[in-house]
There are 2 protein chains.
Amino acid sequence: MKTTIEIEQVAVILKLLGDKTRLTMMKILDGGACCVCEFVEIFQMTQPAISQHLRRLKDMGLVQEEKKGQWVFYSINENNIYYPFVTQILNQLPSQKDKLEDLEKQGKRISCC
Amino acid sequence: MKTTIEIEQVAVILKLLGDKTRLTMMKILDGGACCVCEFVEIFQMTQPAISQHLRRLKDMGLVQEEKKGQWVFYSINENNIYYPFVTQILNQLPSQKDKLEDLEKQGKRISCC
DNA sequence: ACTTTAAATAAGTATTTACTTATATAATAA
DNA sequence: TTATTATATAAGTAAATACTTATTTAAAGT
């Protein structure tokens with residue numbers, strides 16, 4: 001089943017991705033779930049700033065959250081209508097896994113489960 | 001030859017495309033050159049508003065202009081580093097050629113050459 | 001219970017954005 | 001030359017954006 005993509009809606013998605021923080025977040029999440037506090041470390045931004053970016057991505061349905069204890073993990077919502085579209089964009093971006101590796105080295109990676 | 005795409009630069013491109021007017025402009029130009037006054041008709045916006053959108057696209061190198069008499073025609077700049085990236089996005093958008101056909105019916109299409 | 005940690009929300013602010021109207025530039029037509 | 005048409009630029013404005021700090025909510029550890 002393929003729903004017709006509206007150009008206006010695509011513009012909204014692109015505007016959302018047209019921010020280096022959110023775009024990098026999406027690329028990171030493309031490699032697996034990530035926790036809010038990890039993003040705070042990675043981007044060296046205040047926690048509210050990170051939460052607000054994640055909320056915008058969630059409001060658009062691009063990501064979903066899952067609570068695990070005191071942490072909240074975000075992940076790509078593969079069921080979103082625009083997931084195939086977004087994936088095509090993310091696939092063209094350079095890997096950001098070095099950012100997670102740096103976290104790991106600092107011992108700041110939150111191990112889920 | 002493939003230049004590495006920087007995620008920050010991609011964010012800038014996406015922000016530029018994250019506007020329904022500019023995104024539609026790019027999709028229309030994907031089908032061939034178009035003149036400023038045609039865009040004014042299509043989008044029913046003031047001429048300065050159209051010119052300003054086109055200038056932003058030109059400043060980023062996504063489009064190029066060519067003067068033909070009193071008209072200025074804009075077209076996709078296929079030599080831009082980000083052209084392959086942008087094309088992948090445009091290819092996923094619904095055709096906008098109905099907009100040009102409507103112009104044609106109204107006799108408002110500028111015939112180049 | 002109290003403290004700590006993680007995250008969300010609220011409210012305020014500086015900057016950016018997309019428009020507007022007015023004016024300037026440039027080419028063609030009379 | 002003068003008028004007309006097409007476009008660009010300038011300046012102003014309302015709304016949106018991405019932050020900030022302060023506060024609230026909620027879970028876990030003591």
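Scroll up to find the structure this text is about.
Residues numbered from 1 in each chain as written. Chains lettered and ligands numbered in written order. Predicted model: local features only at pLDDT ≥ 70, side-chain atom pairs only at ≥ 80, totals over all residues. Heavy atoms only, no water.

### Remarks on the protein's contact with DNA strand D
Part 1 of the argument: Not every one of the 25 residues close to DNA strand D is listed here, only the nearest: H53(A), R56(A), Q47(B), S51(B) and Y74(B).
Part 2 of the argument: When the atoms of DNA strand D within 4 Å of the protein are grouped by moiety, sugar and phosphate amount to 59% of the total.
Part 3 of the argument: S51(B) is positioned such that a nitrogen or oxygen atom in its side chain is 2.6 Å from a phosphate oxygen of DNA strand D.
Part 4 of the argument: Y74(B) is positioned with one of its side-chain polar atoms (N or O) 2.6 Å from a phosphate oxygen of DNA strand D. (Near = heavy atom within 4 Å. Polar contact = N/O pair within 3.5 Å; in protein donor to acceptor, adjacent residues only side chain to side chain.)

### Observations regarding the pattern of salt bridges
Residue and element names in this part refer to chain A.
Part 1 of the argument: The full count for this structure, using the stated rule, is 4 salt bridges over all chains.
Part 2 of the argument: E38 is the partner of R109 in a salt bridge, and the nearest nitrogen-oxygen pair spans 2.7 Å. Separated by 71 residues along the polypeptide, R109 in the segment after helix 6 (97-105) and E38 in helix 3 (residues 36-43) bring together distant segments of the chain.
Part 3 of the argument: Note on R109: relative accessible area 27%, which makes it partly exposed.
Part 4 of the argument: K58 is the salt-bridge partner of E65, the closest N and O atoms lying 3.4 Å from each other. (Salt bridge = Lys/Arg side-chain N within 4 Å of Asp/Glu carboxyl O. Helix = DSSP H or I, 4+ residues; strand = E, 2+ residues; numbered from the N terminus. Buried < 20%, exposed > 50% of the residue type's maximum accessible area, 1.4 Å probe, protein only.)

### Some details on the packing of helix 2 (residues 20-29) of chain A against helix 5 (residues 83-91) of chain A
Residues and elements named next belong to chain A.
Part 1 of the argument: The interhelical angle for the contact between helix 2 and helix 5, taken along N-to-C directions, is 95°, at an axis separation of 10 Å. By the angle between their axes, helix 2 is roughly perpendicular relative to helix 5. Of the residues in helix 5, those touching helix 2 at L23, M26 and K27 are V86, L90 and N91.
Part 2 of the argument: Taken together, the residues that form the contact of helix 2 with helix 5 break down as 4 nonpolar, 1 polar and 1 charged. (Axes fitted to C-alpha atoms, helices over the stretch in contact; angles between N-to-C directions. Parallel < 35°, antiparallel > 145°, perpendicular 65-115°, else oblique. Contact = heavy atoms within 4.5 Å. Nonpolar A, V, L, I, M, F, W, Y, C, P; charged D, E, K, R; others polar.)

### Observations regarding a negative patch on the surface
Part 1 of the argument: On the surface, a cluster of negative charge is made up of D98(A), E101(A), D102(A) and E104(A).
Part 2 of the argument: Residue class for E104(A) comes out exposed when judged on its relative accessible area of 51%. (Patch = residues over 30% accessible without salt bridge, like charges linked within 9 Å, V, L, I, M, F, W, Y side chains within 5 Å. Areas by Shrake-Rupley, 256 points an atom, 1.4 Å probe, with all protein chains shown as cover. Lys, Arg positive; Asp, Glu negative; His and termini not counted. Charge placed at Lys NZ, Arg CZ, Asp CG, Glu CD.)

### Structural notes on the packing of helix 1 (residues 7-17) of chain A against helix 5 of chain A
When two helices pack together, their arrangement is given by the angle between the helix axes and by the axis-to-axis distance.
All names here are of chain A.
Part 1 of the argument: Packing of helix 1 against helix 5 leaves a shortest axis separation of 12 Å and a crossing angle of 40°. In terms of orientation, helix 1 lies oblique with respect to helix 5. Where helix 1 crosses over helix 5, the handedness of that crossing is right-handed. Mapping the contact onto sequence places V10, I13, L14 and L17 in helix 1 and F85, V86 and I89 in helix 5.
Part 2 of the argument: Looking at the contact of helix 1 with helix 5, its residues break down into 7 nonpolar, no polar and no charged. (Left-handed = near helix turned anticlockwise from the far one by under 90°.)

### Here's the deal with unusual backbone geometry
Part 1 of the argument: In this structure, Q44(A) takes a positive phi of about 50° despite not being glycine.
Part 2 of the argument: Residue placement: Q44(A) occurs in the loop between helix 3 and helix 4 (47-59).

### A look at the relation of the copies chain A and chain B
Part 1 of the argument: Superposition record for chain A on chain B: RMSD 0.0 Å, screw rotation 180°, translation along axis 0.0 Å. The relationship between the two copies is best expressed as a two-fold rotation axis.
Part 2 of the argument: The share of interface residues of chain A whose copies in chain B are also at the interface is 100%, consistent with both copies meeting through the same surface. (Least-squares fit on C-alpha atoms with pLDDT ≥ 70 in both.)

### Quick notes on the sheet that holds strand 3 (residues 71-76) of chain B
Residues and elements named next belong to chain B.
Part 1 of the argument: Overall, antiparallel pairing links the 3 strands, which are arranged 1-3-2 in an open sheet. Edge positions in the sheet fall to strand 1 (34-35) and strand 2 (63-68), since each has one partner strand and no second.
Part 2 of the argument: Summarising the sheet, strand 2 and strand 3 pair through 6 bridges and their orientation is antiparallel. Each residue of the ladder has a partner; that of K68, found in strand 3, is W71. (Pairing = 2+ DSSP bridges.)

### Focus on the packing of aromatic side chains
By convention here, two paired aromatic rings are described through the distance between centres and the angle between planes.
Residues and elements named next belong to chain A.
Part 1 of the argument: Enumeration according to the criterion identifies 2 aromatic pairs over all chains in this entry.
Part 2 of the argument: For the ring pair F39 and F43, a centre distance of 6.0 Å and an interplane angle of 25° mean the geometry is stacked. On the criterion of helical spacing, the pair formed by F39 and F43 is a turn pair, its members being 4 residues apart in helix 3.
Part 3 of the argument: For F43, a relative accessible area of 16% translates into the label buried.
Part 4 of the argument: The positively charged end of K68 is found above the aromatic ring belonging to F73, 5.7 Å away from the centroid. (Phe/Tyr/Trp six-rings, centres within 6.5 Å; stacked < 30°, edge-to-face > 60°. Lys NZ or Arg CZ within 6 Å of the ring centre and 35° of its normal.)

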